[in-house]
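Remarks on the overall topology
The lines below spell out each chain.
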Amino acid sequence: MERGQKPNKPAFPEPFARVVEAFRRLPGIGSKTATRLAFHLLLSSDEERAILSDSLNTLASRLMPCRDCRNIVERDADNPETPLQCAICRDPARDRGILIVVEDIQTLYSLEKSGEFRGLYHVLEGRLSPLEGINPDRLRIRELLDRLNDPEVKEVIMATSPTTDGEATALYLSRLIKPMGIRVSRIAFGIPVGLEIEYVDEVTLIRAVEGRHPF
Ligand SMILES: [Zn+2]
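Model, not experiment: these values are computed from the prediction.

A few words on the pairing of strand β6 (residues 183-186). Bridge count for strand β5 (residues 155-159) against β6 is 4 bridges, and the pairing is parallel. Within β6, the position partnered with Met-158 by the bridge is Arg-186. You can see the chain leave β5, run along helix α7 (residues 164-177) and come back into β6, and the turn it takes is right-handed. As defined by bridge partners, β6 adjoins strand β7 (residues 213-214) across 2 bridges and the pair is classed as antiparallel. If you follow Ser-185 over to β7, its bridge partner there is Pro-214.

In structure tokens:
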């Protein structure tokens, strides 16, 4: 090496770099954490790595969306294509008169963790965003309206993010639902406006549901 010339940056061997890159694509994981996780796995036992890779390989194939609310449900091993209801929709103890609309399954599980919401859910799978080209057809709105034909439903709570897109989504839905004679309410956040709902903790979430106001 000539004097003053820096050595090349060390590059990871390809099989290792691949794992680092896969982790780095995950939300909230930077290069440093990705590398740490990859080294951890490299030093783990074959069995530990097998548990991880098996669970990842079957993550999507063993799950399907709930027939009613779009929560995840495990497929029937004998009839994998048969639509199923999730444990929440199947639970006879749930209040069928009240339905909470969430953007994603993560928010559903945050609310469930609080153990205080006894109604049912509907997962929109996103929120309206004209800038990102997400129009009503891209969301599970038709499925929601179908469910609201059930005369048992008395109230729909909009638990979309307190962001511009989240508010627009709630407003859009309320205009569709109110004429059906169903009460529509909006969760009341005691947190700064603009926060994505997936980052809201479950206590704040359930308080926001309890403090909801009519739309
Ligand atoms: Zn369900």
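Back to the text.
A word on the packing of aromatic side chains. In total, this model carries 4 aromatic pairs according to the counting rule given. Geometrically, the ring pair formed by Phe-12 and Phe-39 is edge-to-face, given 6.0 Å between the ring centres and 80° between the ring planes. Taken together, the residues Phe-12 in the segment before α1 (14-24) and Phe-39 in helix α2 (residues 31-42) connect sequence positions 27 residues apart. Considering the side-chain rings of Phe-16 and Phe-39, the 4.4 Å spacing of their centres and the 45° angle between planes classify their relative orientation as tilted. Placement of the pair is Phe-16 in helix α1 and Phe-39 in helix α2, with a sequence separation of 23 residues. Ring pairing ties together the aromatic residues Phe-12, Phe-16 and Phe-39, which thus form one cluster.

Across the sheet, 5 strands lie side by side as β4-β3-β5-β6-β7; this open sheet has mixed pairing. Looking at the sheet topology across the chains shown, the edges are occupied by β4 (120-123) and β7.

What follows covers the coordination of the zinc ion. Bound to the zinc ion on the protein side are Cys-66 (SG), Cys-69 (SG), Cys-86 (SG) and Cys-89 (SG), at distances that span 2.3 Å. The coordination sphere of the zinc ion comprises 4 donor atoms, whose angles at the metal cover 105 to 114°; the geometry is tetrahedral. One chain supplies every donor to the zinc ion, and in sequence these donors are spaced C-x2-C-x16-C-x2-C. Of the two residues, Cys-69 is situated in the loop between β1 (63-65) and β2 (72-74) and Cys-86 in the loop between β2 and α4 (87-90); the sequence distance between them amounts to 17 residues.

Our next topic: the nonpolar core. Counting residues in each nonpolar core, the largest one holds 26 residues, and the members touching the most others are Ile-100, Leu-111, Phe-117, Tyr-121 and Ile-187. Among the elements that make up this core, the one with the highest residue count is helix α8 (residues 202-210) (4 residues). Listed in part, the 17 residues of the second largest apolar core include Leu-144, Ala-170, Ile-177 and Val-184.

The residue Phe-189 is located in the loop between β6 and α8 in this model. As for Phe-189 and Val-200, which are separated by 11 residues in sequence, their C-alpha atoms are 9.7 Å apart. Those residues in contact with Phe-189, other than ones at most four positions away along the chain, are Thr-160, Pro-162, Ile-197, Val-200 and Ala-208.

When the pLDDT values of the chain are averaged, the result is 92; 96% of them are 70 or greater. Mean pLDDT values over the elements of the chain span from 85, in α8, up to 98, in β4.

So, on to the side chain of Arg-147. Note on placement: Arg-147 falls in helix α6 (residues 141-147). Only 3.1 Å separates the side chain of Arg-147 from the side chain of His-122, close enough to count as a polar contact. Excluding residues that lie within four positions of it along the chain, Arg-147 makes contacts with Asp-68, Cys-69, Cys-89, Leu-99, Leu-120, Tyr-121, His-122 and Val-153.

About the cut-offs
- Residues numbered from 1 in each chain as written.
- Predicted model: local features only at pLDDT ≥ 70, side-chain atom pairs only at ≥ 80, totals over all residues.
- Heavy atoms only, no water.
- Pairing = 2+ DSSP bridges.
- Helix = DSSP H or I, 4+ residues; strand = E, 2+ residues; numbered from the N terminus.
- Right-handed = clockwise from strand over helix to strand, strands pointing away.
- Phe/Tyr/Trp six-rings, centres within 6.5 Å; stacked < 30°, edge-to-face > 60°.
- Donors = N, O, S within 2.8 Å, 3.2 Å for Na, K, Ca; no water.
- Tetrahedral: all angles 85-135°; square planar, octahedral: opposite > 155°, others 65-115°.
- Core = buried A, V, L, I, M, F, W, Y, C linked by side-chain atoms within 4.5 Å.
- Buried < 20%, exposed > 50% of the residue type's maximum accessible area, 1.4 Å probe, protein only.
- Contact = heavy atoms within 4.5 Å.
- pLDDT = per-residue confidence, 0-100.
- Polar contact = N/O pair within 3.5 Å; in protein donor to acceptor, adjacent residues only side chain to side chain.

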